[in-house]
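Tertiary structure, described
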Amino acid sequence: MQPVKTLFNAREATRPVILWLLVLTALGAVIAVLTKQWCRVNAWPAAEQHLHMCYSDFTQLFGTRGMADKLFPYFTGLPAEQALEYPVLLAVVAGVTAMMIPGMGFSAERQLAYFDLNSALSFICWAVVVVAVAYAARHRSRDAIMVALAPGIILTSQLNWDLWAVMLATLGLLAFSRKHIVLAGVLLGLGAAAKLYPFFIFGAILVLCLRSGRMRHFWVSLASGVVAWLAVNVPFMLTAFDEWSRFYTFSGDRPAGNSSLWLAFAGTGMSGSTMSLLSNGLFGLACLGIAYLGLTAQRRPRMAQLAFLIVAAFLLLGKVYSPQFVMWLIPLYVLARPKWREFLIWQLVEVFHWAVVWLWSAKAVSDGGYFGGSWTIEILYGLGIVAHMVMLIYICIKIIGDIRKPERDVIRADGTDDPLAGPIENTEDVFVLGAAKNR
């Protein structure tokens, strides 16, 4: 029991602590594999994979987007409905890993090999995130246990390629905390080339740099991020613009997706583009509110607090909330408000939401073959949506409370300013709206 006691009492991210965190991550990965084992054995049959809750975009897209025939995303020549509507970096990962699978054409064996390869790479990303959180948390390295064993990651790590973006975003925050401003921008820019959300972290950097009067750090990080994003995207923009832009046009035109508040308006006839306009407008207003919060708070908020609020607002107001999106928030929560009881309750709510999503989709894909003639699944699905949104709003309210009353902030209880603030940590404020200047 000594290693466990050492880990739970750990403060600094020493080599033994990192080793045990990796062991726990490996345990989480094993559990994740077991949750997909039925599909690994039975080759992901159409409706049954939803019923057994082991669906994965890895296997679905491998067979339907030309990758089984080693057609590289954006250059497949397939009809528009078969195009891979993903950002560049994830499309590259999907395409390169498909090229690594021996043979040609679709088969159960090649499908499984593709799934296992991408799962293994996702697990490596997961381990990197855990280590990055342990170092970024500084004197609270033990908080990374939450990331290593998070049910939200265990259940969704093999659903899509999101962990690549989570890894880049977390490494970007770590780099900023170590005062590597250019590297931080590059990592966040690459993260935005995989999923859009890492770009929003620049909003948190902007608020903190504005308060501290260190705007040069913001502009340097942003410029580095833009250059990194362009370096990845421009080659595809120049050679396959229609396919490259499909992600953005698809995101703008698509109707309300699973678990979104916009599902409530699905029966009104509102178009997907109108929903996008409203969603983006509300998100913009939320960002202005978060900026106002950050610029008026008595004490300068911490980076993780602002980043969590921005990303959470994006998810709450967005047209789609896929189950794996919870992974975007987990490292940010651990760095913003590491409360074990609250974290476990949140994760249990997300597990419930995850389960009812697959029961609902099993009924939909089977045309009522499963759970037909009953509204129970729809009711549970609705409860799952409401529960996960209410819980996320609750966490946001608590984080806002921590910002307004910094004496409640568990991270600052030992006198720490902001472990992620990097070059602006412990600096004086020079711009505060409606209040006296404070550190």
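Everything in this summary refers to the structure shown in the same document. (Residues numbered from 1 in each chain as written. Predicted model: local features only at pLDDT ≥ 70, side-chain atom pairs only at ≥ 80, totals over all residues. Heavy atoms only, no water.)

Side note on the overall build of the protein chain
Assigned secondary structure in the protein chain consists of 19 helices and zero strands. Over its C-alpha atoms the protein chain spans a radius of gyration of 22 Å, differing by no more than 12% from the 22 Å that the globule rule assigns to 439 residues. Expressed along its principal axes, the backbone C-alpha trace of the protein chain runs to roughly 65 × 55 × 45 Å. Expressed as a percentage of the 439 residues in the protein chain, the buried residues total 55%. Residue pairs in contact within the protein chain that sit at least 24 positions apart in sequence constitute 73% of those at least 6 positions apart. Element-wise, carbon and sulfur atoms account for 68% of the exposed surface of the protein chain, whose accessible area totals about 18000 Å². (Helix = DSSP H or I, 4+ residues; strand = E, 2+ residues; numbered from the N terminus. Rg over C-alpha atoms; globule rule 2.2 N^0.38 Å. Buried < 20%, exposed > 50% of the residue type's maximum accessible area, 1.4 Å probe, protein only. Contact = heavy atoms within 4.5 Å. Areas by Shrake-Rupley, 256 points an atom, 1.4 Å probe, with all protein chains shown as cover.)

Some words on the state of the cysteines
Inspection of the entire model under this criterion finds one disulfide. Take C396: it sits in no disulfide, and the sulfur closest to it among the cysteines is that of C287, at 12 Å. (Disulfide = S-S within 2.5 Å.)

Remarks on the nonpolar core
Among the nonpolar cores identified, the biggest contains 135 residues, and Y114, W126, V147, W161, F308 and W346 are the most heavily contacted of them. A total of 13 residues in this core trace back to one element, the largest contributor, which is helix α16 (residues 303-317). (Core = buried A, V, L, I, M, F, W, Y, C linked by side-chain atoms within 4.5 Å.)

Concerning unusual backbone geometry
The residue A43 is not glycine, and still its phi comes out positive at about 65°. The residue A43 is located in the loop between α3 (37-42) and α4 (48-51) in this model. Phi angles above zero are rare outside glycine, and K179 is one such case at about 70°. Examined against the element boundaries, K179 turns out to sit in the loop between α10 (162-177) and α11 (181-192).

Focus: the pattern of salt bridges
The tally for this structure, following the rule as stated, stands at 15 salt bridges. Among the salt bridges present, the one from D409 reaches R302, with a minimum N-O distance of 2.7 Å. Taken as a pair, D409 in the segment after α19 (376-404) and R302 in the loop between α15 (272-296) and α16 lie far apart in primary sequence, 107 residues in all. The exposure class of D409 is buried, given its relative accessible area of 2%. For E342, the salt bridge is made with R337, and the minimal N-O distance between the two is 2.7 Å. Of the two residues examined, E342 and R337, each falls in the buried class. Connected through shared salt-bridge partners, R211, R299, R300, R412, D417 and D429 make up one network. (Salt bridge = Lys/Arg side-chain N within 4 Å of Asp/Glu carboxyl O.)

Comments concerning a nonpolar patch on the surface
Among the surface-exposed residues, L206, L210, Y292, V430, F431 and L433 lie close enough to one another that they form a single nonpolar patch of about 490 Å² accessible area. With respect to the helices and strands, Y292 occurs in helix α15. (Patch = residues over 30% accessible without salt bridge, like charges linked within 9 Å, V, L, I, M, F, W, Y side chains within 5 Å.)

Quick word on the side chain of R337
Of note, R337 is situated in the loop between α17 (326-336) and α18 (340-365). At 2.7 Å, the side chain of R337 forms a polar contact with the side chain of E342. In this structure, R337 is in contact with E342, K398, I399 and D402, ignoring residues within four places of it in sequence. (Polar contact = N/O pair within 3.5 Å; in protein donor to acceptor, adjacent residues only side chain to side chain.)

So, α15
In a regular helix each residue adds 1.5 Å, so 25 residues correspond to 36 Å; α15 covers 36 Å between its end C-alpha atoms and thus fits that length. Within α15, the full set of buried residues consists of G272, M275, S276, S279, F283, I290, L293, G294, L295 and T296. Of the surrounding secondary structure, the elements contacted by the buried residues of α15 are α12 (201-212), α14 (241-253), α16 and α19. (Expected span 1.5 Å × (residues − 1).)

Here we look at the environment of W262
Counting through the fold element by element, W262 comes out in the loop between α14 and α15. Expressed as a C-alpha distance, the spacing of W262 and S224, which sit 38 residues apart in the sequence, is 35 Å. The residues touching W262, leaving out its near neighbours within four places in the chain, are A256, M275, L278, S279, L282, L317, G318 and K319. A polar contact of 2.8 Å, which involves the side chain of W262, links it to the backbone oxygen of L317.

As for α16
For α16, built from 15 residues, the straight-helix expectation of 21 Å at 1.5 Å per residue is met to within 8% by its first-to-last C-alpha distance of 21 Å. Of all 15 residues in α16, 14 are buried, a share of seventy percent or more.

Honestly, it's all geometry; don't read function into it.
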